[in-house]
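One-letter residues, chain by chain:
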Amino acid sequence: MSKVKVYLTDTLTGEKVELKPVEPGKVKIYFCGPTVYDHCHIGHAKAYIQCDFLIRLLKYLGYEVKYIRNVTDIDDKIIKRAQREGKTPFEIAYKFYREFADVERELKLIPPDVEPFATAHIPDMIQLIQTLIDKGYAYVGKTAVWFHVPKFKDYGKLSKIKLKDLVAGARIEPAPDKKHPADFALWKFQKPGEPAWPSPWGPGRPGWHIECSAMVLKHLGETIDIHGGGADLIFPHHENEIAQSEAATGKPFANIWFHVGLLQIKKEKMSKSLGNIIPVKEVLKRYDAETIRYAYATTHFRKPLEFSWDLLDQAEKSLNGLYSVLFELEINASKAKHGEIRKEIKEALEFFKNEFINAMADDLNTPKALSVLHEMANYARKNMNNFNAKEMREFAKLFRELGWILGILQQSLEERIQEFKRRGKIVDFVPSGYIQHEIAGKFTERLIKLIVDVRSELRKRKMYDIADKIRDELRNMGIVLEDMKEGTRWKIMRI
Ligand SMILES: [Zn+2]
């Protein structure tokens, strides 16, 4: 599969470019992780899930992926919250980091290979800042060590923001000891009550941007294949990362800039100041991880996604539609006739697989990939009666194989039933015939058969009122009877 070429839209050039790893076969990817000062919300989850689609695709295609995602555990916001709550910044950071780790596990995100913490990389950052001072890109001020933005000629190349517009605008922090209004802090000197680390320029703590440059350098090297993050990080964070890294090494920092569009609620960005934050934990109480992942896959990763509960309801329905076909294939395979895979079925399997992979490799076109899964489900449903056991198994296997790339269709029927029961939801994806084989076994089957036989006897004796009562009571229990010419059929509609 490694012959498939992967294309991604690169924010720097604005074009769809082919992924050509610096070291063939190995992809080095850095994705900006959380600042652990508050709950992980569903806006953050969009960035991590859509990055996860990329990681999974690359792994599926056989690339050796080295994936680094940092944790910002010291920052103005963490310090502010700690002061407000009478705690240390480390207590705040640890508490929300643990919550983030839970969310990561529950959303079934593939964990990074290294998850570097800012506070564990202070010496690396000090070294990088010293290099920038030595090369004349940074200077020591009264309140901070500053990066001198006008010295870096390419500043603004990622965000397309011009330095002169920046000075006129209000997007920069004023400080009297800056040489230029756009200069940003690499090292902030300690203020009373703030945590600090020793440095050659005095005790203090790192600025936010420098940690990512230092961690990329340490864990991945001077030039990496993909650098990603939410679209809100393009400016100033990623612009500043480029300035620091390229000024220090003189080499291109990242070959592809991968930016995930933001989640919106009623056209507004989800943010603390707007008070429209929904923590991931809250959503997980109502929907399982696969449903959330499916919902995010319905929109291209670069686009903003309008969040609503309706979106999740629709996603749940669509996903269960796929699951019901998958489960039917898996259950029927044990009863179907034997035989080899026929040529046209083999071709259909190859067609769906190629369509899906090509959609994903073409700038992670997840909406197209989902539509391929639905086409495949329609095909399988239409042809189910003619499939032999092997054909059913191959279709089921392909659903699970392709679903893995999106992190969906990975549950067994029992697991999915448990997910729905836990949330008090109706289980409407169980294929007919399942009860006989999987849940209650032969005993329940015989019991229902006995009731059905007795009812048939009653009908023969024209005791329709009692027969109808039995049918209605069974229906209330979720067992549906169908009277056919050749006898009565039954199936379980819910459990
Ligand atoms: Zn970063």
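Residues numbered from 1 in each chain as written. Predicted model: local features only at pLDDT ≥ 70, side-chain atom pairs only at ≥ 80, totals over all residues.

Trainee: Residues and numbers for the overall build of the protein chain, please.
Mentor: Along its length, the protein chain carries 17 helices and 15 strands. By principal-axis analysis of the C-alpha atoms, the protein chain measures approximately 100 × 55 × 35 Å. Evaluated residue by residue, the protein chain yields a buried proportion of 41% over its 495 residues. (Helix = DSSP H or I, 4+ residues; strand = E, 2+ residues; numbered from the N terminus. Buried ≥ 20, exposed ≤ 12 C-beta atoms within 10 Å, placed from the backbone.)

Trainee: Please provide a residue-by-residue account of the domain arrangement of the protein chain, values included.
Mentor: By domain assignment, the protein chain separates into domain 1 (7–135 + 208–286), domain 2 (308–413) and domain 3 (434–492). Just the C-alpha atoms count here: the centres of domain 2 and domain 3 sit 32 Å apart. (Domains from an automatic or database assignment.)

Trainee: Outline the environment of Ala-389, supporting the account with residue identities and numerical values.
Mentor: As for its placement among the helices and strands, Ala-389 is situated in helix H13 (residues 389–406). With 15 C-beta atoms counted inside 10 Å, the residue Ala-389 sits in the partly exposed group. In this structure, the C-alpha to C-alpha distance between Ala-389 and Glu-415, residues 26 residues apart in sequence, is 23 Å. In this view, Ala-389 contacts Ala-333, Ala-336, Lys-337 and His-338; residues no more than four positions away in its chain are not counted. (Contact = placed C-beta atoms within 7 Å.)

Trainee: Describe the nonpolar core, listing the residues and the values that go with them.
Mentor: In terms of nonpolar packing, the biggest core is built from 135 residues, with Ile-129, Leu-132, Phe-147, Leu-186 and Leu-326 touching the most fellow members. A total of 11 residues in this core trace back to one element, the largest contributor, which is helix H1 (residues 42–60). Counting contributing residues per domain, this core is built from domain 1 (7–135 + 208–286) and domain 2 (308–413), each supplying no fewer than three. Once residues lying within four places of it in the same chain are set aside, the contact partners of Leu-186 are Ile-129, Leu-132, Ala-138, Val-145, Trp-146, Phe-147, Gly-207 and Ile-210. (Core = buried A, V, L, I, M, F, W, Y, C linked by C-beta atoms within 7 Å.)

Trainee: Account for the sheet that holds strand E13 (residues 305–306), naming residues and giving values.
Mentor: With mixed pairing, 3 strands are arranged side by side in an open sheet as E12-E11-E13. Each of the sheet's edge strands pairs with one partner strand only, and the pair in question is strand E12 (268–269) and E13. Relative to E12, strand E11 (residues 263–265) runs antiparallel, the two sharing 2 bridges. Pairing of Gln-264 across the sheet is with Lys-269, part of E12. (Pairing = 2+ DSSP bridges.)

Trainee: Give a detailed account of the environment of Arg-471, specifying residues and quantitative values.
Mentor: Here Arg-471 shows up in helix H17 (residues 464–476). It is 70 Å that separates the C-alpha atoms of Arg-471 and Leu-217, two residues lying 254 residues apart in sequence. Leave out the neighbours within four places in its chain, and Arg-471 touches Arg-455 and Leu-481.

Trainee: Explain helix H12 (residues 366–383) to me, using residue names and the numbers behind them.
Mentor: In this model H12 runs 26 Å from its N-terminal to its C-terminal C-alpha over 18 residues, within 8% of the 26 Å that 1.5 Å per residue would give. Buried residues of H12: Thr-366, Ala-369, Leu-370, Val-372, Leu-373, Met-376, Ala-377 and Ala-380, and no others. Along the axis of H12, the buried positions cluster into a sector of 155 degrees, meaning they face one direction only. What points out from H12, more than 90 degrees from its buried face, is the exposed set Asn-378 and Lys-382. Those residues of H12 that are buried are in contact with H1, helix H9 (289–297), helix H10 (309–332), helix H11 (343–361) and H13. (Expected span 1.5 Å × (residues − 1). Arc of directions from axis to C-beta.)

Trainee: Residue-level account of unusual backbone geometry, with values.
Mentor: Across residues other than glycine, the phi torsion is negative in most instances, and most of the peptide bonds are trans. Following Phe-235, the chain continues to Pro-236 via a peptide bond in cis, the omega torsion being 0 degrees. Considering the arrangement of structural elements, one finds Pro-236 in helix H7 (residues 234–249). Positive phi, close to 50 degrees, is recorded for Lys-266, a residue that is not glycine. Checked against the element boundaries, Lys-266 lands in the loop between E11 and E12. Owing to 9 C-beta atoms within 10 Å, Lys-266 belongs among the exposed residues under this scheme.

Trainee: Summarise the packing of H11 against H12; cite the residues concerned and give the values.
Mentor: At a minimum axis distance of 8 Å, the contact between H11 and H12 shows a crossing angle of 165 degrees. As judged from the angle between their axes, H11 and H12 are roughly antiparallel. Pair H11 / H12 crosses with left-handed handedness. In this structure, H11 contributes Ala-348, Phe-352, Glu-355, Phe-356, Ala-359 and Met-360 to the contact, and H12 contributes Lys-368, Ala-369, Val-372, Glu-375, Met-376 and Tyr-379. Classifying every residue of the contact of H11 with H12 gives 9 nonpolar, no polar and 3 charged. (Axes fitted to C-alpha atoms, helices over the stretch in contact; angles between N-to-C directions. Parallel < 35°, antiparallel > 145°, perpendicular 65-115°, else oblique. Left-handed = near helix turned anticlockwise from the far one by under 90°. Nonpolar A, V, L, I, M, F, W, Y, C, P; charged D, E, K, R; others polar.)

Trainee: Break down the packing of helix H2 (residues 76–85) against helix H3 (residues 89–106) for me, with residues and values.
Mentor: Direction vectors running N to C along H2 and H3 enclose 110 degrees, while the axes themselves pass 8 Å from each other. Considering the angle they form, H2 stands roughly perpendicular to H3. Contact residues: Ile-78, Ile-79, Arg-81 and Ala-82 in H2; Pro-89, Glu-91, Ile-92 and Ala-93 in H3. A breakdown of the residues in the contact of H2 with H3 according to their chemical character gives 6 nonpolar, no polar and 2 charged.

Trainee: Mind laying out the sheet that holds strand E7 (residues 184–189), listing which residues take part and the relevant values?
Mentor: One open sheet holds the 4 strands; their spatial order is E5-E6-E7-E8, and the pairing between them is antiparallel. In this open sheet, the two edge strands, each paired with only one partner strand, are strand E5 (138–140) and strand E8 (204–206). Here the average twist between neighbouring strands, direction ignored, is 20 degrees. Alignment of E7 against E8, held across 3 bridges, turns out to be antiparallel. Within the sheet, the bridge partner assigned to Trp-187 lies in E8 and is Pro-206.

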